[in-house]
Amino acid sequence: MPVCRYRDAIGMLMTGDYPIKDASTCTRGLMMLKNLALSGCCFLFLLADTSWAEKPARPNIVLIMSDDMGYSDIGCYGGEIQTPNLDQLAADGLRYTQFYNTARCCPTRACLLTGLYPHQTGVGYMMQDRGFDGYRGDLNRNCVTIAEVMREAGYNTYMAGKWHVSKITRPRNDGDKYNWPAQRGFDRFYGTIHGAGSFWDPSTLCRGNKMISAFADEEYQPTDPYYYTDAISNQAARFIHENPPTEPFFLYVAYTAAHWPLHARERDIAHYKGKYDEGYQAVREARLKKMKRLGVVKKDVKLSKAAGAWDSIEHKDWEAANMEVYAAMVDAMDQGIGEIVKALKETGQYDNTFLCYLQDNGGCAEAAGRSLKANPRADKPTLPPLADDALHYSGSTPKQTRDGWPVRNGRVMPGPADTYIGYGKNWANVSNTPFREYKHWTHEGGISTPLIVHWPNGFKDKNRIRNQLCHLIDLMPTCVELASATYPDTFQGQPIKPMEGKSLVPTLTNQPLERGPVFWEHEGNRAVREGRWKLVAKRGRGGLPLDWELYDIDEDRSESKNLIYIHSFMAAKMVKAWNDYAKRTGVFPSPW
């Protein structure tokens, strides 16, 4: 979709010619004029032949997010997994040690896209309507996406990967797509609407607004067997190559790696054969040692309690294979990020691109098809093969492969298309080294994510650590500032909630980030962080809240020493702040 230039908008104003077929473009142009007028810019200046390139360059913006990975998985945050491309971005940029997500995929995506707490967007839980406005399972119209804001500011907007903020994955007509990427600000989209699926044959795959089969897509037929991670990378690189060179772009890349199922290419798995044969604790200890050396945790941090003992595992070869495939999935993603970086360099956009890498929640302890029951493959396919254009499932788990093999759960060797399992709680504990808990929970293991920031034209520091307290809500105001955009009070006739976060631009030069407390709630798990203090609680059985816990995160990031009885006044103050937040943002009324 073309981006309206200033002279186009002026022509429309002067002639009254507003082509209906390009109404959105016209609206963007008029908004640009309004913003310039409010800034005191002279109308005659707009009539001059002036382009973006002749002004101080605004950066392209690339946000890359992975799925269900722990704080210590990638190499530059302590992991043994080979991530040379992310490591190089970190070596040439910044690594943040206290950046937080929201503990779960849908709320994190809503939060990243809007700069609001997830309940304010209607996505306080997942994609089911739980009967309250904070839990409708759909982005509401009292929020705007980064793409909508960037497009109004003259950016081309692209997305590749997982959407997962719309409850309609089986549309009956175009009207049902009201909350799909093309309807929420993205000019071009390639990816999936649903939250999970086979990497070899993803469900709800779309190109633009059209649902497609990966095997009948005329625009992408790789020489290797189709693999979703590779496809996301390829399409993201393609968007970069096809963007007009003088026009800025916003690109959101949302990988499904390393979310279950454990699917990877044999050549990538081969790099990790035998890597995990010593078990969980050996890997945790090696990671923590490396993390301390890299400076992504403090020197005195200790490991949280181990989730499981390697000596008690009966099928060690199978258990090690689970982590080998998980590592291969991360490796493949990093290779794809290398392709995105290569595209930026080949198009001359590398130096003036603000690029961020982060993760949507901590490592995932869900069983996801795991069991100790063996489930061997049959001698031959037992189901009819599927046509290339068949859209044969819309949820997470297919019943069969394209060539007729039933999809198997249980104790199966992971990797191929006819298997579907996760890597389990014990390896998630390794991914989250050295922190407590997992995806779903608001302890550090559920909400801590790496943040790598890279922008050669934007700051001089290289290979530096940033320790400021930051959150997903900060990405919208950061993008707004970098793009010289205007965050609206109203959009398409609807009032828009104000941004909740702070721009991270001061942190690029290591300035303090002046902010108040930051909050979490998911499934009754809840937390508030204010300075060095963190108040956190789990949801108990039957939805009843468990007791609050208080930790000094500066001294105890592993959350091992509960100080609530020592600092009860601080705890009481933070409980009140959390309750006020919950009432203000739609956490209450709650389905929990």
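Residues numbered from 1 in each chain as written. Predicted model: local features only at pLDDT ≥ 70, side-chain atom pairs only at ≥ 80, totals over all residues. Heavy atoms only, no water.

Overview of the overall build of the protein chain
Then comes step 1: Secondary structure assignment for the protein chain yields 16 helices and 17 strands.
Then comes step 2: For 592 residues, the compact-globule formula gives about 25 Å, and the C-alpha radius of gyration of the protein chain, at 24 Å, lands near that figure.
Then comes step 3: Taken over the C-alpha atoms alone, the protein chain extends approximately 75 × 65 × 50 Å along its principal axes.
Then comes step 4: Split into buried and exposed, the 592 residues of the protein chain put 59% on the buried side.
Then comes step 5: Relative to all contacts within the protein chain whose residues are 6 or more apart in sequence, the contacts with residues 24 or more apart total 74%.
Then comes step 6: By element, 53% of the accessible surface of the protein chain is carried by carbon and sulfur atoms, the whole surface being about 23,500 Å². (Helix = DSSP H or I, 4+ residues; strand = E, 2+ residues; numbered from the N terminus. Rg over C-alpha atoms; globule rule 2.2 N^0.38 Å. Buried < 20%, exposed > 50% of the residue type's maximum accessible area, 1.4 Å probe, protein only. Contact = heavy atoms within 4.5 Å. Areas by Shrake-Rupley, 256 points an atom, 1.4 Å probe, with all protein chains shown as cover.)

Concerning the sheet that holds strand β17 (residues 549-552)
Then comes step 1: The strand order across the open sheet formed by four strands is β14-β15-β16-β17, and the pairing between neighbours is antiparallel. Two strands bound the open sheet, and with one partner strand each, they are β14 (518-522) and β17. Across the sheet, the axes of successive neighbouring strands diverge by a mean angle of 15°, strand direction being ignored.
Then comes step 2: In this sheet, strand β15 (residues 525-530) lies alongside β14 in antiparallel orientation, the contact comprising five bridges. Within β15, the position partnered with Phe519 by the bridge is Val528. (Pairing = 2+ DSSP bridges. Axes fitted to C-alpha atoms, helices over the stretch in contact; angles between N-to-C directions.)

As for the confidence of the model for the protein chain
Then comes step 1: Mean pLDDT over the protein chain stands at 91; residues scoring 70 or higher make up 91%.
Then comes step 2: Overall, residues 1-56 carries pLDDT values under 50, and its contacts beyond four positions in sequence, including any with other chains, amount to 70 contacts. (pLDDT = per-residue confidence, 0-100.)

Side note on unusual backbone geometry
Then comes step 1: In this structure, Ala258 follows Ala257 across a cis peptide bond, with omega equal to 5°.
Then comes step 2: Take Ala258: it is sitting in the loop between β7 (249-254) and α9 (266-269).
Then comes step 3: Cis geometry is found at the peptide bond from Trp260 to Pro261, where omega equals 10°.
Then comes step 4: By secondary structure assignment, the location of Pro261 is in the loop between β7 and α9.

Quick notes on the nonpolar core
One broad trend across soluble globular proteins is that nonpolar side chains are buried collectively.
Then comes step 1: Among the nonpolar cores identified, the biggest contains 87 residues, and Phe99, Leu112, Met150, Phe250, Tyr252 and Val453 are the most heavily contacted of them.
Then comes step 2: If one sorts the elements of this core by residue count, helix α5 (residues 105-114) sits on top with six residues.
Then comes step 3: Not counting chain neighbours up to four residues away, the residues in contact with Met150 comprise Ile61, Tyr155, Thr157, Phe250, Cys479, Val480, Ala483 and Ala485. (Core = buried A, V, L, I, M, F, W, Y, C linked by side-chain atoms within 4.5 Å.)

Topic: the packing of aromatic side chains
Then comes step 1: Taken as a whole and assessed by the stated rule, the structure comprises 27 aromatic pairs.
Then comes step 2: For the ring pair Trp163 and Phe186, a centre distance of 6.1 Å and an interplane angle of 90° mean the geometry is edge-to-face. Taken as a pair, Trp163 in the loop between β3 (156-162) and β4 (188-192) and Phe186 in the loop between β3 and β4 lie far apart in primary sequence, 23 residues in all. Note on accessibility: Trp163 and Phe186 belong to one class, buried.
Then comes step 3: Among the aromatic residues, those joined into a ring-pair cluster are Tyr117, Phe519, Trp548, Trp578, Tyr581 and Phe588.
Then comes step 4: Looking at Lys345, its charged tip hangs above the ring of Tyr350, at a distance of 4.9 Å from the centre.
Then comes step 5: We note Arg526 situated over the ring of Trp578; from NZ or CZ to the ring centre the distance is 6.0 Å. (Phe/Tyr/Trp six-rings, centres within 6.5 Å; stacked < 30°, edge-to-face > 60°. Lys NZ or Arg CZ within 6 Å of the ring centre and 35° of its normal.)

Things to note about helix α11 (residues 316-346)
Then comes step 1: Helix length check: α11 (31 residues) gives 45 Å between terminal C-alpha atoms against 45 Å at 1.5 Å per residue, within 8%.
Then comes step 2: Most of α11 sits inside the fold, with 24 of its 31 residues counted as buried.
Then comes step 3: Where α11 terminates, the next one or two residues include Gly348, which has phi positive at roughly 75°. (Expected span 1.5 Å × (residues − 1).)

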